[in-house]
Amino acid sequence: MKTYDGPVSDHFDGLNFFDPDGVPPKSLREVLRWQFGGKRQRATWPDWAPSPHADAPPDRVHGDKVRLSFVGHASWLIQTGGLNILVDPVWSTRVSPVSFAGPKRHNDPGIAFDKLPKIDVVLVSHGHYDHLDMATLSRLAKNFAPRVVTPLGNDVTMRSTDATIKVEAFDWHDRVELGGGIAVTLVPTRHWSARGMFDRNKALWASFVLETPAGKIYVVCDSGYGDGGHFRRVAERHGPLRLAILPIGAYEPRWFMHDQHMNPEDAVKALADCGAQAALGHHHGTFQLTDEAIDAPAKALVEALDAAKVPQERFVAMKPGQVVEI
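Residues numbered from 1 in each chain as written. Predicted model: local features only at pLDDT ≥ 70, side-chain atom pairs only at ≥ 80, totals over all residues. Heavy atoms only, no water.

(A) Region of the structure containing the nonpolar core. Core analysis: the largest hydrophobic core is formed by 35 residues, its most contacted members being Trp 76, Ile 85 and Leu 178. Ignoring sequence-local partners within four residues, the contact set of Leu 178 consists of Leu 83, Ile 85, Val 121, Arg 147, Val 149, Ala 183, Val 184 and Leu 210. Of all hydrophobic cores here, the second largest spans 24 residues; its members include Met 262, Val 268, Leu 305 and Phe 315. (Core = buried A, V, L, I, M, F, W, Y, C linked by side-chain atoms within 4.5 Å. Buried < 20%, exposed > 50% of the residue type's maximum accessible area, 1.4 Å probe, protein only. Contact = heavy atoms within 4.5 Å.)

Here you go:
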């Protein structure tokens with residue numbers, strides 16, 4: 001498997017990327033303990049849990065507005081400044097290295113693929129299969145030939161499978177002009193990356209700060225909370241933020257997941273740390289990656305907001321097909 005080859009930095013040792021303020025991913029022994037330990041309590045999800053929403057987006061959104069359509073899991077269509085931007089697009093049935101096994105969809109994408117407008121830009125946060133979906137990226141390349149912006153090393157993954165993908169790779173803190181006055185900055189996030197047994201942390205991971213006419217949108221596709229430092233530093237460097245998109249699912253059991261995935265209580269803390277005016281919750285309810293029930297994240301978010309005395313309308317758990325305009 002080809003991997004990234006570049007200069008040593010404060011988060012790349014010449015072979016592997018690392019987060020100076022994070023922790024290494026769990027070991028294989030810990031993975032096996034979670035998967036096969038006698039005390040595992042894995043909730044059963046319904047075979048199919050359709051969303052009551054479905055979106056048919058416009059061709060473009062102009063002016064000072066932003067239209068955000070939730071596709072499902074961590075996939076979004078963001079329309080602003082005449083640009084159509086997809087984040088971590090996944091239209092596949094499974095998020096897995098094989099098509100016949102692995103986490104399977106429990107609801108349809110909130111936008112049918114043939115209802116998509118012309119896609120100009122794709123942002124891919126990291127290499128895990130529920131975020132970097134080669135089948136979808138190849139389909140987008142064939143239909144729209146969009147510009148793909150991703151952290152270092154993920155371009156190697158994409159090109160090795162489909163050379164037609166117009167991918168550009170960037171480091172943490174790089175700011176990329178997208179056109180029409182829109183720009184995105186890749187920012188550190190508390191996570192890790194792999195697509196196989198032997199490429200752990202061979203590619204970088206990131207969150208995004210998107211500059212739009214309506215203000216800055218902080219898009220966190222996957223992250224643990226840690227001490228909240230990642231979120232506070234984004235506030236310091238990039239604030240004020242109009243909106244944060246924060247993950248609220250795939251968090252149980254906590255002993256295993258807390259370093260890589262936030263739970264709703266963590267996400268509420270992250271909202272306070274980054275200082276965004278409002279937040280949208282994603283990364284829940286589509287693929288069962290961990291042990292909590294399908295509706296547990298949305299319910300726990302309500303409780304966490306009440307406990308923190310944060311108005312419910314400030315942080316909403318999204319369902320596929322729901323649209324927010326700012």
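So that's the structure; there's more coming.
(B) Representation of helix H3 (residues 154–161) within the structure. Listed as buried for H3 are Asn 154, Asp 155, Val 156, Thr 157 and Met 158. Where H3 is buried, its residues contact helix H2 (134–143), strand E5 (147–151) and strand E6 (166–170). (Helix = DSSP H or I, 4+ residues; strand = E, 2+ residues; numbered from the N terminus.)

(C) Looking closely at the packing of helix H4 (residues 229–238) against helix H6 (residues 264–274). Close contact between H4 and H6 brings their axes to 7 Å; oriented N to C, the two are set at 25°. The angle between H4 and H6 places the two elements in the roughly parallel class. When you trace H4 past H6, the crossing you get is right-handed. Residues Phe 231, Arg 232 and Ala 235 of H4 form the contact with H6, whose own contacting residues are Ala 270, Asp 273 and Cys 274. Residues of the contact of H4 with H6, tallied by class, amount to four nonpolar, no polar and two charged. (Axes fitted to C-alpha atoms, helices over the stretch in contact; angles between N-to-C directions. Parallel < 35°, antiparallel > 145°, perpendicular 65-115°, else oblique. Left-handed = near helix turned anticlockwise from the far one by under 90°. Nonpolar A, V, L, I, M, F, W, Y, C, P; charged D, E, K, R; others polar.)

(D) Main features of the pairing of strand E11 (residues 241–247). Counted residue by residue, E11 has six buried out of seven residues, so it is predominantly covered. With four bridges connecting them, strand E10 (residues 215–219) and E11 associate as parallel partners. Paired with Lys 216 across the strands is Leu 241, a residue of E11. For the segment spanning E10, H4 and E11, crossover handedness is right-handed. Sheet topology places E11 next to strand E12 (residues 278–282); five bridges connect them, and they run parallel. (Pairing = 2+ DSSP bridges. Right-handed = clockwise from strand over helix to strand, strands pointing away.)

(E) Looking closely at the side chain of His 128. When you line up the elements, His 128 lands in the loop between strand E4 (121–123) and H2. We classify His 128 as buried; its relative accessible area is 12%. Residues in contact with His 128, not counting those within four places in the same chain, are His 191, Trp 192, Ser 193, Ala 194, Arg 195 and Asp 222.

(F) Fine view of the layout of surface pockets. Size it by volume and the largest pocket reaches roughly 1,100 Å³. The wall of the largest pocket is formed by 33 residues, among which Val 31, Trp 34, His 128, Trp 192 and Ala 194 lie closest to the centre. Counting residues per element, the ones that place at least two in the lining of the largest pocket are helix H1 (28–36) and helix H5 (254–257). Top contributing element to the lining of the largest pocket by residue count: H1, with six residues. For the lining of the largest pocket, a count of residues per class yields 15 nonpolar, 11 polar and seven charged. The computed volume of the second largest pocket comes to approximately 290 Å³. Around the second largest pocket sit 16 residues that line it, and His 284, Gly 285, Met 318, Lys 319 and Pro 320 are the ones nearest its centre. (1 Å grid on protein atoms, 1.4 Å probe; cavity = no way out; pocket = protein on both sides within 12 Å on 5 of 7 lines; lining within 4 Å. Points joined across faces, edges and corners; volume = space filled by probe spheres on them.)

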